[in-house]
Amino acid sequence: MTRVLVVHHDLDLAGQEADSLRRFGYDVVECSGPSRNRCPVLAGHPCDLAERADVLVYDVWADGDADGSKRLIENIREIHPDTPVVLTSPGLALDWEETAGPHAVTVLMGQPTGARLDEAIQGAIARVPVTGG
């Protein structure tokens, strides 16, 4: 079972995303992110929840503002580079969203329904290079 960490600033929307993903067979853990908790990622440290996840689903406003969220996503990509990230965005794309390079994410624009989240997660997992041997 694929383990997903859902990080969202809006607890109700996070719950909806988590419930949708559970219906698709994912094992989901929720976090309200740095807008409500002390976040080790913003301090440059690994996140225990992220370390246990196979994929990370972050709300583009997870930190509460665009600049903080940019730093959060950059840090999570640097600290957990092998874990795919899906970035949900309800509206227009932000200029810092990267789909290539070291801070690359899979962007999901618009309503994050269960089917759209599942498709984005599967796409993000498929793009991660296999390492080891």
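Cut-offs and rules
- Residues numbered from 1 in each chain as written.
- Predicted model: local features only at pLDDT ≥ 70, side-chain atom pairs only at ≥ 80, totals over all residues.
- Heavy atoms only, no water.
- Salt bridge = Lys/Arg side-chain N within 4 Å of Asp/Glu carboxyl O.
- Helix = DSSP H or I, 4+ residues; strand = E, 2+ residues; numbered from the N terminus.
- Buried < 20%, exposed > 50% of the residue type's maximum accessible area, 1.4 Å probe, protein only.
- Pairing = 2+ DSSP bridges.
- Axes fitted to C-alpha atoms, helices over the stretch in contact; angles between N-to-C directions.
- Contact = heavy atoms within 4.5 Å.
- Parallel < 35°, antiparallel > 145°, perpendicular 65-115°, else oblique.
- Nonpolar A, V, L, I, M, F, W, Y, C, P; charged D, E, K, R; others polar.
- 1 Å grid on protein atoms, 1.4 Å probe; cavity = no way out; pocket = protein on both sides within 12 Å on 5 of 7 lines; lining within 4 Å.
- Points joined across faces, edges and corners; volume = space filled by probe spheres on them.
- Expected span 1.5 Å × (residues − 1).
- Polar contact = N/O pair within 3.5 Å; in protein donor to acceptor, adjacent residues only side chain to side chain.

Describing the pattern of salt bridges
If charged atoms from side chains of opposite charge come close, those side chains can pair. Tallying each qualifying case throughout the model produces four salt bridges. A salt bridge links Arg 3 to Asp 54; the shortest N-O distance between them is 2.8 Å. Remark: Asp 54 occurs in the loop between helix H2 (48-51) and strand E3 (55-59) and Arg 3 occurs in strand E1 (residues 3-7); sequence separation between them is 51 residues. Here Arg 3 falls in the partly exposed class, since its relative accessible area comes to 38%. Note on Asp 54: relative accessible area 29%, which makes it partly exposed. Residues Glu 74 and Lys 70 are paired through a salt bridge, measuring 4.0 Å at the closest nitrogen-oxygen approach. Here Lys 70 and Glu 74 lie together in helix H3 (residues 66-79), a separation of four residues that amounts to about one turn. A relative accessible area of 32% means that Lys 70 is categorised as partly exposed. The structure contains a network of salt bridges with shared partners spanning Asp 19, Arg 22 and Glu 30.

Describing the sheet that holds strand E4 (residues 85-89)
With parallel pairing, five strands are arranged side by side in an open sheet as E2-E1-E3-E4-E5. One side of each edge strand has no neighbouring strand; the edge strands of this open sheet are strand E2 (27-31) and strand E5 (106-109). Neighbour-to-neighbour, the strand axes of the sheet open up by a mean angle of 20°, direction not taken into account. As defined by bridge partners, E4 adjoins E5 across four bridges and the pair is classed as parallel. Along E5, the bridge assignment pairs Ser 89 with Met 109. On top of the sheet, helix H4 (residues 114-127) reaches E1, E3, E4 and E5; it is set at about 165° to E5, its chief contact.

A few points about the packing of helix H1 (residues 11-23) against H4
The contact between H1 and H4 brings their axes to 9 Å, and the two run at 70°. Comparing their axes, H4 and H1 come out roughly perpendicular. Counted together, Glu 17, Ser 20 and Leu 21 of H1 and Gly 114, Leu 117, Asp 118 and Ile 121 of H4 form the full contact between these two elements. Taken together, the residues of the contact of H1 with H4 sort by class into three nonpolar, two polar and two charged.

Some words on the layout of surface pockets
Estimates place the volume of the second largest pocket at around 220 Å³. Counting only elements with at least two residues in the lining of the second largest pocket, the list comes to H1 and E4. Class assignment for the residues of the lining of the second largest pocket results in three nonpolar, nine polar and two charged.

Some thoughts on H1
Taking 1.5 Å of rise per residue, the 13 residues of H1 would be expected to cover 18 Å, and the 18 Å separating its terminal C-alpha atoms lies within 8% of that figure. Those residues of H1 not exposed but buried are Ala 14, Gly 15, Glu 17, Ala 18, Ser 20 and Leu 21. Where H1 is buried, its residues meet E1, E2, E3, E4 and H4. The N-cap residue of H1 is Asp 10: its side-chain oxygen and the backbone nitrogen of Asp 12 are 2.9 Å apart.

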